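Analysis of the macromolecular model
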Amino acid sequence: MTSRRRFLKTLSAPALAADPPPWKLNYMLASSMYGNLPLAEILPEVKKTGATSIELWPKKHATQREEMDVIGHDKLAEMLKSQSLTFGGTTRYDLGPFRLTDEIPIVKKMGGTFIVTGGAGDWKVKPEQLKLNVKAFVEKMKPHAALAAENGVTIGIENHINNLIDTPDSLRWLADDIRTIPGLGIALAPYHLPQDTALMADLIKHIDQKLTLFYAWEHGMGCSKPMPKDEEVQQMPGRGKLDWKPLLQALKSTNFTGPTEIFMHPTPRGIPIMPTAAETTAEIVRAKNHLDSIIV
């Protein structure tokens, strides 16, 4: 009887829950980091950077999105499979937010989940009007968001200088206005924000589940003019002055599991961030190691 009681007690005892795996960043590679190099050269580098998927950029930043159409989508799918990689999505500033009808099914076909683009509307207005303009933009985006959601794709609106979605307030308003709209999210670029870590962390928490993609990209010395490489790469985590810990803590607090891209822009656009593919990979790995080392 004692053995039977002990057995029944073990059945009624709550199962000990396994500890969840530690939170970490989910890295994705932006093809523009390698400039105009062909996909055949870039794809073998992806896993070396710690990423498992790639996002394709078009001209003027890169040429891989155009290359995908030239070589054929099925051919790219084979190339990705041979490297055990997945297709993440595309950046289409060239199309803008209202001309993505043809891009959405292509991204779906390739197994991607997002398209990054910018906002649209007048931003050179007073705050009260800007808030109304953000709301009007979201209304215009609803049918496009619906099409994206039907295809399992999210349109990520990036905050960008000289754009409707530029200021911290415009980001907050956008997040609030799209909270219940499937298919619409935010691609957050710290580079284009005041380099205030408390502000950025607050924005991450405010955007919360609407964060589609996160750029590990700081302002450093900027990217709008030629400069020595050691100054240009200060856009990369661990090279510039930005303390990434508060941002990572904010991402962890919202349990962000979407893609994070280690990122910068070279000048001129269309060249790799470092002279060779191998050096570019090494620089991305250095930035990844820096971020991973400060996750708590």
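Above this text is the structure in question.
The paragraphs below set out a description of the structure included in this document. Please read these numbers as outputs of a predicted model, since none were measured by experiment. (Residues numbered from 1 in each chain as written. Predicted model: local features only at pLDDT ≥ 70, side-chain atom pairs only at ≥ 80, totals over all residues. Heavy atoms only, no water.)

Moving on, we come to the environment of I181. You can see I181 is positioned in the loop between α7 (168–177) and β7 (184–188). Separated by 152 residues in sequence, I181 and L29 have C-alpha atoms that sit 27 Å apart. For I181, the contacting residues outside a window of four places in its chain are V138, K142, A145 and K210. (Helix = DSSP H or I, 4+ residues; strand = E, 2+ residues; numbered from the N terminus. Contact = heavy atoms within 4.5 Å.)

A few words now on the sheet that holds strand β2 (residues 29–30). What the nine strands build is an open sheet, ordered β1-β9-β8-β7-β6-β5-β4-β3-β2; its pairing is parallel. Every interior strand has two partners, whereas the edge strands, β1 (26–27) and β2, have only one. Both strand β4 (residues 86–91) and strand β5 (residues 114–117) contribute to a ladder of three bridges, which runs parallel. Note that in β5 the partner of G89 across the bridge is F114. Together, β2 and β3 (53–56) form the strand contacts of helix α2 (residues 39–46), whose direction differs from that of β3 by roughly 145 degrees. (Pairing = 2+ DSSP bridges. Axes fitted to C-alpha atoms, helices over the stretch in contact; angles between N-to-C directions.)

Quick look at the layout of surface pockets now. Using a probe with the size of a water molecule, rolled over the atoms, empty space left in the structure can be pinpointed. Computed from the structure, the largest pocket encloses a volume of approximately 400 Å³. Residues of the lining of the largest pocket, tallied by class, amount to nine nonpolar, seven polar and six charged. If you go around the second largest pocket, the residues you meet are T113, F114, T154, G183, L184, G185, Q209, K210, L211, T212 and P259. Counting only elements with at least two residues in the lining of the second largest pocket, the list comes to β7 and β8 (211–216). Residues that form the lining of the second largest pocket fall into these classes: four nonpolar, six polar and one charged. (1 Å grid on protein atoms, 1.4 Å probe; cavity = no way out; pocket = protein on both sides within 12 Å on 5 of 7 lines; lining within 4 Å. Points joined across faces, edges and corners; volume = space filled by probe spheres on them. Nonpolar A, V, L, I, M, F, W, Y, C, P; charged D, E, K, R; others polar.)

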